[in-house]
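The residues making up each chain are set out below.
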Amino acid sequence: MKKKGLAVLILLLCAFALFANGSSENGAEGKKKITLRIGSGHSTSNPWITALEDYFVVNVSERVKNETNYEINWVKNYGGSVITLGNELQGVQDGLVDIGCTILVFEASRLPLVDMVYSMPFSCSDPLIVADVIKVMYKEYPEFTSVYEQKFNQHYLGIGVSDPYGFFSTKEVKSLDDVAGMKIGAAGINLAWIEGSGAAGVQTSLNDTYQNLQTNVCQATIQPTHSCINLKVPEVAPYYLDANFNVVPFNSITVNKQTWDSLPKEVQTILTEVGDGYLDYEAKYINTVHEKDLSDVVKMGGKVINLSRAEQERWAASLPDIVNDLVKRLNNAGFKGSEIVERYYQLLEERGVQRIRNWNIANK
């Protein structure tokens, strides 16, 4: 009887312990777990994904845990493991992940308004100024964000900017004349930045950049600087031209609409607030690392060359009127193309950034 009583006591103590700690289904302190799959075609070596992890994921996790009866269980799928580079928008739409970080350079046809700055080269290479302008633009023109829900079955959470686009080459380039006859790698819509330069464009991506330069598929590439440093691109293309090509809205954070609708209101609020703060955090982070990136080019045996304002103007003047083409595309897609593009330039000018060229912004 004593053994039987002891066994009952042990069972009761075990049951109490399970109750006190909460079940594995409910998580710590009895909180209910919400599993969210997050992913992108880019890996965490890219600064926008680093910021996604360090700011967005961390803050959502902490705030949900501290402010609600829930906790987030993240399933992370970066580097193309579930949604491949250039297919993030579709992946979120189809529910392959719950939250996606879409790399926008590959979405010019589906997101022409969001991608418009890619067709406005030499506009501004300061991440903090561009981020500030984007905040105003998105507030004044809600169509930048509403398009995700209207057309792609997802809810907008946040936007990030690229670091300054740099020109890495296997030979020294100091002027527009130096690029004539070169094969230059670029991703998607920014191939337009070399039209009229005398160079030939080669469609590529960050993931292919090192090998393409190493094997002479191209002799130069126009890519975000920090990612190229992480990929050790200066080992094979040691010349870095700081040409003021651009900083652009580069990555959007969205959540699948069915996932969004299933979330508790308080969790939706946290996702919205943290997503809204991502741009400031990410732009400051990118601005901080860029100066170090330029010094790292030299440490890796490379050379940094600054393209003069006069040569920037020459390069911009050599291009077709791609800004006018942009305006027409936006107008044809039902947006206020002329007004929106002009407003972007006005906001830059209010912050001391002058136009490199008097583009034709009228719809003619």
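On a predicted model such as this, the values are computed, not experimentally measured, just so you know.

A. Spatial organisation of the layout of surface pockets. By volume, the largest pocket amounts to about 400 Å³. Among the secondary structure elements, those contributing two or more residues to the lining of the largest pocket are α4 (127-140), α5 (143-152), β4 (154-161) and α9 (265-299). Classifying every residue of the lining of the largest pocket gives six nonpolar, six polar and five charged.

B. Structural detail: the sheet that holds strand β1 (residues 32-39). Strand order across the open sheet formed by five strands is β2-β1-β3-β10-β4, with mixed pairing between neighbours. With one partner strand each, in any of the chains shown, β2 (70-77) and β4 form the two edges of the open sheet. Direction aside, the axes of adjacent strands within the sheet are offset by 20° on average. The strands touched by α4 within the sheet are β4 and β10 (249-256), with β4 carrying the most contacts at an inclination of about 150°. Most of the contacts of α9 go to β4, to which it runs at about 15°, and overall it touches β1, β2, β3 (99-103), β4 and β10.

C. Geometry of unusual backbone geometry. At Asn-153, a residue that is not glycine, the phi angle is positive and equals roughly 55°. Tracing the backbone through its elements, the reader meets Asn-153 in the loop between α5 and β4. According to the relative accessible area criterion, Asn-153 is partly exposed, its value standing at 24%. You will see that Asn-216, though not glycine, has its phi angle at about 65°, which is positive. Counting through the fold element by element, Asn-216 comes out in the loop between α6 (209-214) and β8 (220-224). Taking relative accessible area as the criterion, Asn-216 reaches 45% and is therefore assigned partly exposed.

D. Quick peek at the side chain of Gln-154. Mapped onto the fold, Gln-154 is located in strand β4. At a separation of 2.6 Å, a polar atom in the side chain of Gln-154 contacts the side chain of Thr-254. Those residues in contact with Gln-154, other than ones at most four positions away along the chain, are Leu-89, Val-92, Gln-93, Tyr-148, Glu-149, Thr-254, Val-255, Asn-256 and Lys-257.

About the cut-offs
Residues numbered from 1 in each chain as written. Predicted model: local features only at pLDDT ≥ 70, side-chain atom pairs only at ≥ 80, totals over all residues. Heavy atoms only, no water. 1 Å grid on protein atoms, 1.4 Å probe; cavity = no way out; pocket = protein on both sides within 12 Å on 5 of 7 lines; lining within 4 Å. Points joined across faces, edges and corners; volume = space filled by probe spheres on them. Helix = DSSP H or I, 4+ residues; strand = E, 2+ residues; numbered from the N terminus. Nonpolar A, V, L, I, M, F, W, Y, C, P; charged D, E, K, R; others polar. Pairing = 2+ DSSP bridges. Axes fitted to C-alpha atoms, helices over the stretch in contact; angles between N-to-C directions. Contact = heavy atoms within 4.5 Å. Buried < 20%, exposed > 50% of the residue type's maximum accessible area, 1.4 Å probe, protein only. Polar contact = N/O pair within 3.5 Å; in protein donor to acceptor, adjacent residues only side chain to side chain.

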